[in-house]
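Inside the fold
If you want the building blocks of each chain, they are given just below.
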Amino acid sequence: MLTLADLDAIAPEITLAVTLGLVLVLDLLFRPAERRLTGWLALSGVTLAASQIVKNLAAAAPLPSAAAGFFSGMFVADSTASFFKLIFCLAAAGAVVIGYRSSEISRARHGEYHFLLLAATLGMCFMASAGDLVMVYLAVEMLSQASYILAGYIRNNPRSSEGALKYVIYGGVASGAMIFGISILYGFTGVTDLVLVGQGLAGTASSPAALMAFLFMLVGLGFKVAMVPFHMWAPDVYEGAPAPVTAFLSIGSKAAGFAVLLRVLFSVGAQAAPGGGGIEAAAIPWREMLAVLAVLTMTVGNLSAIGQRSLKRLLAFSSVGHAGYLLAACTTATASGVSSILFYFVVYFLMTLGAFHVVVLVSNATGRDSDADYAGLGWKQPFLAATMSIFLVSLVGLPPTAGFLGKWYLFTALVEMGSWKFLLLTLAALLNSVISLYYYVYIIKKMWIEEPAPEGRRVVVGFVPGILLAVLAFLTVYPFGYGGAVLAAASKAAGDRASFLR
Amino acid sequence: MGHPFCFWIAGTLAILTALGVILARSPLYSALSLAATLLSTAVLFISLQAHLAGAVQVMVYAGAILVLIVFTVMLLNLRGDSGEKPLRPAAAAAGMVVCAAFFLGLTAFFAVDAPTPPAVGPEFGTAGAIGRLLFAPGSRFVYAFELVSVLLLAALVGAIALGRPGPEQGKDAAS
């Protein structure tokens, strides 16, 4: 039955949905040249939703039945989900701000751009809170539908269309596999609630068919987080999509994928142990499977990034690599593992948004996306090159940047597990960080050591983008001011999930 | 459970016509094979007492969506070859091997002690039961049903955003 507590828990989503409707109506009232003003509405809606999330997160006493779920278990509003939702709101706000001046989105289509961004954000929020197989599928579809359109948003651009088409085809196959897995799970257990599915499987989980169903679900979720071997869409979509959309997808979509992956793994995978023996006794060997996939993902991602000429493709493969590190942390299934993932996403948001913002500015000025445009940038435009270098160094994970802190916590969570398997996993992640050093530093070298091309055009950095870049770069290079607070919030949020696990 | 005879006939037909969808050279034949596949699946649904799923399959998929596909094929005049090269034998063989391995794997997985599905009542899957699941006050799926409406709205706006011709393109280039 619907109660007021239900409405309280879902308030951020209601705000987003109302804003979405308002944007759609306002878009029709404005003249084409003014339509990007809907961005202000979108921004305020996202901010309001974020403030409601913070209110839910900071509530002295957690909402009653937060872990058990609202709407009879369809919607789970635990604090891990709220933390993820904050990241989605940040990513959406970032995409609105960067997209405001992007030359890739035509003036008249800004209204629909903001509408689709909000729809994708809403889908992400529902993904983080999905407590039921039906909700998992619907929320993933909601995000996917909006992302397919956003990926193909540049008109008359073959690359954009190609990326979007590949995204649709791969996405269709992945979601088909996922709904197949979901239907098998439902067939075995007769329920769709995630926790009940886990309990229902507990008696029968040694069956290979349950493993198969679980694997099928992993295909759909792995596609969202760009896990190898379901990462093929990433480079084409990242290259073809408008850069603000790319930044939004690489942060938001990945975070949403992890949010729902964690919930499915912990509620279905962990509970599917005969006699409820905890995660160690889980009959579906998902930790081992995930560890292998994590190593594959980081290695393939980082090796493919070497030699990429397009910056967007390079960042795409690098994001595949980062998905590998995060997947490795998922295998720990501990509170510190989850909190390190949450913390990493905050850091990842800062550095990825910053790097993509520089790419937007440069490709706006040159009309293309090639590493040749970065040659000698340090001599012509030290501010732009310096901020870009900071973001790249942080993506490698070198001290003293935020990326270093993020990786430090990820690897600590792995090492804390103590067993040699996890040490091996950490070693693989460390080796991969070294590989990634090569291609990130390659760009830095290009910016500072090489001579500028004579015909190179000056990149215009406006006032607002300049401030945004400076703030992002400062937060990236000096994480000590806020890192402790964020980590404390992340561990508080993750502790909640750990209780869900028991 | 319907008559096993019914299952075997409809199942075989579904597989054969599904092969027809991907093997036919002409898009129109592909579309018509798809109609046959969907109709055989509908028969399977109905033989499992899932009358509503069967009816929806016929009305929505075999009816509305296929008519749209056939219209598109006819309007765009996509008859015969579209000039694309036939699949290379090596690629076709690789595809078949993967499909066969997948099929055998799935069968093997299900043959080895698959959990017995919980028993369902006679009401299960009927239009009344599904209606109560979706709309009855207090049903948990009311919430999912509302989400579907937002999902469809997003898809609708997205389709318009992609498909709308852009008269403003000239102005854009100037601004």
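Residues numbered from 1 in each chain as written. Chains lettered and ligands numbered in written order. Predicted model: local features only at pLDDT ≥ 70, side-chain atom pairs only at ≥ 80, totals over all residues. Heavy atoms only, no water.

We now examine the overall build of chain B. For chain B, the helix and strand inventory stands at seven helices and zero strands. Secondary structure elements in chain B, listed N-terminal to C-terminal, are α-α-α-α-α-α-α. The 175 residues of chain B split such that 23% are buried. Taking the contacts inside chain B whose residues are at least 6 apart along the sequence as the reference set, 51% of them involve residues at least 24 apart. (Helix = DSSP H or I, 4+ residues; strand = E, 2+ residues; numbered from the N terminus. Buried < 20%, exposed > 50% of the residue type's maximum accessible area, 1.4 Å probe, protein only. Contact = heavy atoms within 4.5 Å.)

Residues and elements named next belong to chain A. Enumeration over the complete set of coordinates arrives at two cavities of 30 Å³ or more. Computed from the structure, the largest cavity encloses a volume of approximately 50 Å³. Along its surface, the largest cavity is lined by Ser250, Leu315, Ser318, Ser319, His322, Tyr348, Thr352, Phe356 and Leu395. Only α13 (311–330) and α14 (335–366) provide two or more residues apiece to the lining of the largest cavity. At four residues, the largest contribution of residues to the lining of the largest cavity is made by α13. Here the lining of the largest cavity is built from residues that sort into four nonpolar, five polar and no charged. Put simply, the second largest cavity is a space of about 40 Å³. Together, Val140, Ser144, Tyr148, Gly171, Ala174, Ser175, Gly220, Phe223 and Lys224 line the second largest cavity. Counting only elements with at least two residues in the lining of the second largest cavity, the list comes to α6 (133–151), α7 (158–189) and α9 (208–224). (1 Å grid on protein atoms, 1.4 Å probe; cavity = no way out; pocket = protein on both sides within 12 Å on 5 of 7 lines; lining within 4 Å. Points joined across faces, edges and corners; volume = space filled by probe spheres on them. Nonpolar A, V, L, I, M, F, W, Y, C, P; charged D, E, K, R; others polar.)

The next point concerns helix α19 (residues 463–477) of chain A. Counted at 1.5 Å a residue, the expected span for α19 of chain A with its 15 residues is 21 Å, and the 21 Å between its end C-alpha atoms agrees. Here the buried face of α19 of chain A lies against α14, α16 (382–396) and α17 (402–416) of chain A. (Expected span 1.5 Å × (residues − 1).)

Bringing the packing of α16 of chain A against helix α18 (residues 420–448) of chain A into the picture now. Residues and elements named next belong to chain A. It is at 9 Å that the axes of α16 and α18 come closest, and there the two elements cross at 175°. With respect to their mutual orientation, α16 and α18 come out roughly antiparallel. On α18, the residues touching Pro382, Ala385, Ala386, Met388, Ser389, Leu392, Val393, Leu395 and Val396 of α16 are Ser433, Ser436, Leu437, Tyr440, Ile443, Ile444, Met447 and Trp448. Here the residues of the contact of α16 with α18 are counted per class, giving 14 nonpolar, three polar and no charged. (Axes fitted to C-alpha atoms, helices over the stretch in contact; angles between N-to-C directions. Parallel < 35°, antiparallel > 145°, perpendicular 65-115°, else oblique.)

What follows deals with the interface of chain A and chain B. Contacts between chain A and chain B engage 46 residues on the former and 36 residues on the latter. Contact between chain A and chain B buries roughly 3600 Å² in total, counting both sides, with carbon and sulfur atoms accounting for 73%. On the chain A side of the contact with chain B, Arg155, Phe188 and Met212 of chain A bury the most area, a combined 15% of that side's loss. Viewed at the interface, chain B and chain A are joined by two salt bridges. In this structure, the salt-bridge partner of Asp193 of chain A is Arg140 of chain B, at a minimum N-O distance of 3.0 Å. Applying the counting criterion to the chain A and chain B interface returns three residue pairs in polar contact (both at pLDDT 80 or more). Listed by contribution, the elements that provide at least two residues to the side of chain A that touches chain B are α2 (11–29), α5 (110–129), α6, α7 and α9 of chain A. Counting residues per element, the side of chain A that touches chain B draws most heavily on α6 of chain A, at seven residues. Residues belonging to the side of chain A that touches chain B are distributed by class as follows: 27 nonpolar, twelve polar and seven charged. (Buried area = accessible area lost by both parts, 1.4 Å probe. Salt bridge = Lys/Arg side-chain N within 4 Å of Asp/Glu carboxyl O. Polar contact = N/O pair within 3.5 Å; in protein donor to acceptor, adjacent residues only side chain to side chain.)

Before going further, it helps to spend a moment on the confidence of the model for chain B. Residue and element names in this part refer to chain B. Residue-level pLDDT values for chain B average 82, and 86% of them are 70 or greater. Looking over chain B, one finds the lowest element-wise mean pLDDT in helix α7 (residues 169–174), namely 43, and the highest in helix α2 (residues 27–47), namely 91. Note on residues 168–175: pLDDT is under 50 here. Beyond four places in sequence and across chains, it has eight contacts. (pLDDT = per-residue confidence, 0-100.)

Residues and elements named next belong to chain A. Relative to the helices and strands, Gly220 is located in helix α9. Sequence separation between Gly220 and Tyr137 is 83 residues, and the spatial gap between their C-alpha atoms is 9.1 Å. When neighbours within four sequence positions are excluded, Gly220 is seen to be in contact with Ala174 and Met178.

Packed helices, taken two at a time, are described by the angle between their axes plus the distance between the axes. Residue and element names in this part refer to chain A. Interaxial distance between α16 and α17 falls to 7 Å at its minimum, and their mutual angle equals 10°. Between α16 and α17, the interaxial angle falls into the category roughly parallel. Residue-level inspection shows Ser394, Leu395 and Val396 of α16 in contact with α17, the latter providing Ala402, Gly403, Phe404 and Lys407. Here the residues of the contact of α16 with α17 sort into four nonpolar, two polar and one charged.

So, about α9 of chain A. With 17 residues, α9 of chain A should reach 24 Å at 1.5 Å per residue; the first-to-last C-alpha distance of 25 Å fits that figure. Backbone geometry just after α9 of chain A places Ala226 of chain A at a positive phi near 60°.

As a further point, take the packing of aromatic side chains. Residue and element names in this part refer to chain A. Within the structure shown, the criterion is met by 26 aromatic pairs over all chains. With a centroid separation of 5.9 Å and an interplanar angle of 65°, the aromatic rings of Phe84 and Phe345 are classed as edge-to-face. One end of the pair, Phe84, is in helix α4 (residues 79–100); the other, Phe345, is in helix α14, and 261 residues separate them in sequence. Phe345 matches Phe84 in its accessibility class, with the two residues each being buried. Through successive ring pairs, a cluster of aromatic residues spans Phe84, Phe88, Phe258, Tyr344, Phe345 and Tyr348. The ring of Tyr100 carries Arg36 above its face, with NZ or CZ at 4.5 Å from the centroid. The ring of Tyr153 has Arg109 lying over it, and the distance from NZ or CZ to the ring centre is 4.2 Å. (Phe/Tyr/Trp six-rings, centres within 6.5 Å; stacked < 30°, edge-to-face > 60°. Lys NZ or Arg CZ within 6 Å of the ring centre and 35° of its normal.)

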